[in-house]
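Here is what each chain is made of, one letter per residue.
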Amino acid sequence: MEREGDPHLDAQLTGYVAANAAKEYVRAIASEPLAWLDGQVNLTVSDNSGACNAMSNGDDLFFYDGNENCENTARIPDVVYHEAGHSVHNQALIPGVGLFEGALSEGISDYLSATITGDSGMARGFFLDTQPLRELDPDGFEWHWPEDRGEAHDEGRIIGGTLWDLRTELIAELGQAEGVAHSDKIWYESIRRASDIPTMYPEALLVDDDDGDLSNGTPHGCLIDQVFYKHGLVGAAILGGKVRTLAAEGDGSVPVALDIQAAQSSCIDLAPTGATLEWRVRGTADFTEAAMTATAEGFAGSLPPQQDGTVLEYRVIADLSDGTDTRFPANQAYPWYQRYYGEVVPIWCEGFEGDVSAWTLGSEWEVGAPQGKSGDPDAAFAGNDVAGIDLSSDGRYSPQRVMNLTGPVVELPPGFAVYRLQYQRWLNVEDAYFDRAEILVNGELGWRNFNSMMGDNNSDVHHRDSEWSFHDVDITPVAFSGTAQLTFRLSSDGGLELGGWTIDDVCIVGVEEAPPPVCGDGVIATGEGCDDGNSDDGDGCSATCSVETPEDPTEGAPGTTGEGETGSDTGAVDDSATTGGASEMGGCGCRSAGGAGGSSAWMLVLAGLGWRRRTRR
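Student: Tell me about the sheet that holds strand β27 (residues 486-491), and name the residues and values.
Tutor: Taken in spatial order, the 5 strands make up an open sheet running β16-β19-β27-β22-β23, and their pairing is antiparallel. Across the chains shown, the open sheet's two edge strands, defined by having one partner strand only, are β16 (360-361) and β23 (444-448). Across 2 bridges, the pairing between β16 and strand β19 (residues 402-406) is antiparallel. Its bridge partner lying in β19, L361 is registered against L405.

Student: An account of the pattern of salt bridges is requested, with residue identities and associated values reported.
Tutor: In a structure, side chains of opposite charge can pair up when their charged atoms sit close to one another. The tally for this structure, following the rule as stated, stands at 26 salt bridges. The salt bridge involving R134 is made with D110; its shortest N-O contact spans 2.8 Å. With R134 in strand β5 (residues 134-135) and D110 in helix α4 (residues 102-117), this residue pair connects regions lying 24 residues apart in the sequence. Considered together, R134 and D110 belong to a single accessibility category, that of buried residues. Several salt bridges share partner residues, and in doing so they unite D10, E71 and R75 into one network.

Student: Help me get a handle on the sheet that holds strand β6 (residues 242-245), residues and values and all.
Tutor: Spatial strand order, β6-β7-β11-β10: 4 strands in an open sheet with antiparallel pairing. Edge strands, defined here as strands with exactly one partner in the open sheet, are β6 and β10 (293-294). Two elements, strand β7 (residues 254-259) and strand β11 (residues 298-303), share 6 bridges in a ladder whose sense is antiparallel. In the sheet register, D259 faces β11, and the bridge partner there is G298.

Student: For unusual backbone geometry, give the residues involved together with the corresponding values.
Tutor: Between W145 and the following residue, P146, the backbone shows a cis peptide bond with an omega angle of 5°. As for its placement among the helices and strands, P146 is situated in the loop between β5 and α5 (152-174). In the segment running from F328 into P329, the intervening peptide bond is cis, with an omega of 5°. Looking at where P329 falls in the secondary structure, it is placed in the loop between β13 (325-328) and β14 (337-340). Positioned with a positive phi, S374 is a non-glycine residue whose angle comes to about 55°. Looking at the element boundaries, S374 is found in the loop between β17 (365-368) and β18 (386-389). A residue is classified by how much of its surface remains accessible, and S374, at 4% relative accessible area, is buried. Located in the positive-phi region is D390, a residue other than glycine, with phi close to 50°. Note that D390 resides in the loop between β18 and β19. Residue D390 is classed as buried on the basis of its relative accessible area of 8%.

Student: Now, about α5: what can you tell me, with residues and values included?
Tutor: Taking 1.5 Å per residue as the helical rise, α5 with its 23 residues ought to reach 33 Å, and the 32 Å between its terminal C-alpha atoms agrees with that figure. At I158, α5 shows its maximal bend, which comes to roughly 30°. α5 sits mainly inside the fold: 17 of its 23 residues count as buried. A positive backbone phi angle near 100° is found at G175, which sits one or two residues after α5.

Student: Before we move on, could you go through the environment of I317 and cite the residues and values that matter?
Tutor: Summarising the element assignment, I317 is placed in strand β12 (residues 311-320). For the pair I317 and T276, spaced 41 residues apart in the sequence, the C-alpha separation amounts to 5.2 Å.

Student: Tell me about the environment of C541, and please be specific about residues and values.
Tutor: Structurally, C541 can be placed in the loop between β28 (500-512) and β29 (615-616). By relative accessible area, C541 is classed as buried at 4%. Placed 11 residues apart in sequence, C541 and C530 show a C-alpha to C-alpha distance of 6.1 Å. When sequence neighbours within four positions are dropped, the list of residues in contact with C541 reads C530, D531, D532, D536, S546 and E548.

Student: Run through the packing of helix α3 (residues 77-92) against helix α6 (residues 176-193), naming residues and quoting values.
Tutor: At a closest axis distance of 8 Å, the pairing of α3 and α6 adopts a crossing angle of 55°. By the angle class used here, α3 and α6 are oblique. Judged by the sense of rotation from one axis to the other, the crossing of α3 with α6 is right-handed. Along its contact with α3, which presents V88, H89 and A92, the element α6 presents W187, Y188, I191 and R192. When its residues are assigned to classes, the contact of α3 with α6 shows 5 nonpolar, 1 polar and 1 charged.

Student: For the nonpolar core, give the residues involved together with the corresponding values.
Tutor: By size, the foremost hydrophobic cluster in this structure holds 81 residues, and its most contacted members are W187, F228 and L258. Each residue touching F228, except ones within four places of it in the same chain, is listed here: I159, T162, L166, M200, Y201, A204, L233 and V234. Core analysis: the next-biggest nonpolar cluster, separate from the first, contains 38 residues, W348, L405, Y419 and W501 among them.

Student: An account of the side chain of R396 is requested, with residue identities and associated values reported.
Tutor: Topologically, R396 is positioned in the loop between β18 and β19. In this view, R396 contacts P95, G96, G98, L99, E364, S374, D390, E497, L498 and G499; residues no more than four positions away in its chain are not counted.

Student: Now, about the confidence of the model for the protein: what can you tell me, with residues and values included?
Tutor: For the protein, the average pLDDT comes to 87, and 87% of its residues sit at 70 or higher. Scored below 50 in pLDDT, residues 551-566 shows 11 contacts in the model against residues more than four places distant or in partner chains. Scored below 50 in pLDDT, residues 598-617 makes 116 contacts in the model with residues more than four places away or belonging to other chains.

What counts as what
- Residues numbered from 1 in each chain as written.
- Predicted model: local features only at pLDDT ≥ 70, side-chain atom pairs only at ≥ 80, totals over all residues.
- Heavy atoms only, no water.
- Pairing = 2+ DSSP bridges.
- Helix = DSSP H or I, 4+ residues; strand = E, 2+ residues; numbered from the N terminus.
- Salt bridge = Lys/Arg side-chain N within 4 Å of Asp/Glu carboxyl O.
- Buried < 20%, exposed > 50% of the residue type's maximum accessible area, 1.4 Å probe, protein only.
- Expected span 1.5 Å × (residues − 1).
- Bend = angle between axes of the 7 residues up to and from the residue.
- Contact = heavy atoms within 4.5 Å.
- Axes fitted to C-alpha atoms, helices over the stretch in contact; angles between N-to-C directions.
- Parallel < 35°, antiparallel > 145°, perpendicular 65-115°, else oblique.
- Left-handed = near helix turned anticlockwise from the far one by under 90°.
- Nonpolar A, V, L, I, M, F, W, Y, C, P; charged D, E, K, R; others polar.
- Core = buried A, V, L, I, M, F, W, Y, C linked by side-chain atoms within 4.5 Å.
- pLDDT = per-residue confidence, 0-100.

Set out below in structure tokens:
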């Protein structure tokens, strides 16, 4: 039977040949055997249930038929190489270290296709012409983090372009064969350990290192620094940084320090040039900002006194010498630290250091020392032990599962105006559109991670803590029975899995009825329109702490008033406005006085937040 010119037959042949070519190419790079490369891989081609697409399920490969707008994707070797790249990524990950992150996988799969073909333009012919589907080396500009973040395929061009430029520079330095070989080695070994696009930079340096000591540089470290920097993937990552709050001053203000130094690289001239401290009362969009003062260690500022019972959210923005900035905390879903002002009375606390038999550990919950896997902490906040999901295996929660940690029933003594949960949190969870991390009190919802509500393909605001974070939750509305029983829950779907919950120093505390306001103490309390720290009239704030109306200086004109404007966060007030941020200075979330919520944890300030759920095109 004559089959000449049959596109479906051609799709079968091209898909088969290209898939085996991709396996052979990666087999020559892999430092150790990878079972997927030696096993059977199923290809589905000319699928007429869709068009203009292809996908990997992490193992097998799927290709759609063509139409008047696009080619049958199995007929384009570049697309087959790309989809094979997704499967290689999934199969090569080191458990508990690397993560399958969507945008990262798109970019590194584009690189595999490009390095096999030697063409930075991926999938020419996809749209029935000579133009590439994606170009890793565009004329006149570079794909840059974070400006070019977005849809996973588009965002992937940042790391795809970075790797292509690294390949080009290594060829110039080492020659064609050796340059490609070393670039491919960096590609393969880095994708096994990286968790997102920014973490490819330190992994590239680790692969390039030849003596186990990064402090003395790597053979091509300068070149790697410069290439990754050109794409915005070095920046703050080589600065490091930590935000600390110190003990409150006598007037109730709280010193805040940002410790950050110039880049430790002779190849990149990058240094912090300034810093701004921003704060707002939790649950509001209005914020106040103040420039921080340069110090020998970095920058210093101060949070103002607040009325007892206030939860203040704050963050630090550092300006860098290349015109970019970096933010602390580096958590897109939870972009504020938190501090509670006022005295609390501990009612019940748990540090997980002794007998924990009163707790019910559901699926995957463990109590023990954290191991630093899959983004989890490598040490407890205090003591040795924590409660967390999957501390002992690869650190990630499982798909399609509900995981509960339920505490004992705690009696809440009468006489308190407010009951609060205060604890230390280290949470890594997918956007709540997919996976929900929740705190239940007596079976009622007390808190849930951020849900961007952007649909299957664009809900990618994942909660990624990279330090212990003090978290305050007002549980009064759900502590209606005179008792409180806490449940920390994580509900996962079938897609991306991260490190999940890790908690320490969990406390339920009570807040006594606030005393009546004292006019003249410098703190604007409920019922006061102002408080300037004295009891004098005629200075804009009366002796009874009401705002005095100034007279118009024009003779005979009536008195006038004016309202000052407050800065406002132009973004929506996210649901983390009911929660918190930075680490405590010591002990659990309980405090007898002075508030809570300082940080002393070091952090890498570039956190990647761009997963996709499907490995398409």
